[in-house]
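Remarks on the overall topology
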Amino acid sequence: MEWRFPKGFAWSCATSAYQVEGACDEKGQSVWDVFTHRPGNVIDGSNGDVACDSYHHLEEDVQLIAAIGVSHYRFSVAWSRVLPNGTINDVNEAGVRYYRQLCEKLVENNIEPVITLYHWDYPYELEKRGGWLHPDAIQWFCDYARLCFDKFGDLVKTWITFNEIWMCAWTGTVTTAGLSDQSADKASRERCARAIPYLVGHQMLLSHGRAYRIYENEFREKQKGQVGITMSAKWREPASDSPDDIRAAQDGLCWQLDWIAHPIFSTCGGYPKRMRDRLNDLSINEQRANKDSILPEFTDEECNVVRGSADFMGLNYYISYKTRHLTEEEKNSEELGWLFRDADYCDTVDPSWEKISGEKSWLHNTPWTLPKILCYIRNKYNNPKVLITENGCADHPEEVVLEDNARIKYCEDHLKALHKAITKDGCNVLGYTLWSLLDNFEWTNGYTMKFGMYHVDFNDPDLRRTPKKSVSWYADVIRNNGL
Ligand code: BG6
């Protein structure tokens, strides 16, 4: 059997700024620059100071991308590289030049740049002023977005505002900001910790919506591009047939995907009713009035700005979970984050699922759930255009470095599943992006997890890149427009 994709299907690979660029002293600091330099935050004590040094390997990296034959390349702009203090008052022309050159080289090689504006590396100068909770946070993002549209938009036809709001609003704010060490007043600390993800998510949604409208009003006519947003997308199977577990799996999807997708992609806009009702009920149980729900409200104007503010939905798809409800004890335990306690669910992994990338990794191979989440989106949001903006896995720690058979198998399995979702289920998926181009800095896992199609020798002063087997495999897939 053959798995050929529709004509014009986009084939891409991806990186993000902090994970590959290095050259940290040629830009303003981001929260990740600061966080990685605090002892104990990254498994191997490493950081992205140099990473793959892509900032100084521009020509070479474009050649590596071109050798794969992709039609698109997804990368992110480091906000603090173009605006070192985060605000529009100080533009770093060298940073702007770097991204322009990268776009130009890609276009020369017939590769369309896909820019993510925000892939977690928030400018530290803004963080010190309150970050996403500051009243000017939306304006700061809009200024930055406008600058990027203006400087790079003649070369870029596809924009992604945010990478995984769920991840940065939830784990990002609670762990990265080191919130839990900051307050001696435990009671108010808890209240803050609970509400912050909802507030940050709200600010990010508004930033996304307003940036979309800026593009629509000021740039679209001339540049003719599209603007979307990338979601964390993990499918949830109920852990059992019990009504409580079935409900928990639905809440897991709602709290991660619909929280962000519903305000943008639903016809009515605003937060999902399920989430609003739950948080209202909790307010009542906790002797607060409904209006004191920790889930913020959109005004009518805001709701309209955010509703319909995406030309496509980006999906980062890696794994799924078996989801169960919480026990009474868990609901009252501080071990589990508030978000999970509010939503009353807990994610587990079926021991029978094929583990990949080593025993300790969070990855497993469940490709059959990809069509499930795509159908869920199709049904719920009127079959929007979808781009898979990430899919891939890390090398098994014992795998011979360049023979990355596990990656090839994982991606092949997912492409077959994706093919089914498109051809049998009618899901409107326009492209696939393999994460990642290069081995790179994998956040708190440092350099212990290697997601690249190209091996990077981090001990070599030149950071030599060598293709793994997946490079020629992916090149074949692209040449054949499928398997
Ligand atoms: C990406 C990261 O956006 O998400 C990758 O930049 C990472 O490095 C992946 O592997 C992790 O997925 P998730 O859904 O756990 O955030």
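Residues numbered from 1 in each chain as written. Predicted model: local features only at pLDDT ≥ 70, side-chain atom pairs only at ≥ 80, totals over all residues. Heavy atoms only, no water.

1. Some points on the site of the ligand
Surrounding the ligand, one finds 15 residues, the nearest of these being Gln19, His119, Glu164, Glu390 and Glu442. In this structure, Gln19 approaches the ligand through a side-chain N or O atom, which is 2.8 Å from an oxygen atom. Considered class by class, the residues forming the shell around the ligand number 7 nonpolar, 4 polar and 4 charged. (Near = heavy atom within 4 Å. Polar contact = N/O pair within 3.5 Å; in protein donor to acceptor, adjacent residues only side chain to side chain. Nonpolar A, V, L, I, M, F, W, Y, C, P; charged D, E, K, R; others polar.)

2. Some points on empty space enclosed by the protein
For the structure on display, the rule yields 2 cavities of 30 Å³ or more. Taken as a whole, the largest cavity holds about 120 Å³ of empty space. Taken together, the residues that form the lining of the largest cavity break down as 11 nonpolar, 5 polar and 2 charged. Estimated volume of the second largest cavity: approximately 30 Å³. Grouping the constituent residues of the lining of the second largest cavity by class yields 3 nonpolar, 2 polar and 3 charged. (1 Å grid on protein atoms, 1.4 Å probe; cavity = no way out; pocket = protein on both sides within 12 Å on 5 of 7 lines; lining within 4 Å. Points joined across faces, edges and corners; volume = space filled by probe spheres on them.)

3. A few points about helix H16 (residues 369-380)
Counted at 1.5 Å a residue, the expected span for H16 with its 12 residues is 16 Å, and the 17 Å between its end C-alpha atoms agrees. Where H16 is concerned, the buried positions are Thr369, Leu370, Pro371, Ile373, Leu374, Cys375, Tyr376 and Ile377. Buried positions along H16 lie against strand E5 (226-238), helix H11 (243-265), strand E6 (312-324), strand E10 (386-390), helix H17 (405-423) and strand E11 (429-435). Asn382 lies just past H16 and shows a positive phi near 60°. (Helix = DSSP H or I, 4+ residues; strand = E, 2+ residues; numbered from the N terminus. Expected span 1.5 Å × (residues − 1). Buried < 20%, exposed > 50% of the residue type's maximum accessible area, 1.4 Å probe, protein only. Contact = heavy atoms within 4.5 Å.)

4. Quick notes on the packing of H11 against helix H12 (residues 273-285)
When two helices pack together, their arrangement is given by the angle between their axes and by how far apart the axes lie. One way to put it is that H11 packs onto H12 with a least axis distance of 9 Å and a crossing angle of 105°. In terms of orientation, H11 lies roughly perpendicular with respect to H12. Along the contact surface, H11 presents Arg247, Gln250, Asp251, Cys254, Trp255 and Trp259, while H12 presents Arg274, Met275, Arg278 and Leu279. (Axes fitted to C-alpha atoms, helices over the stretch in contact; angles between N-to-C directions. Parallel < 35°, antiparallel > 145°, perpendicular 65-115°, else oblique.)

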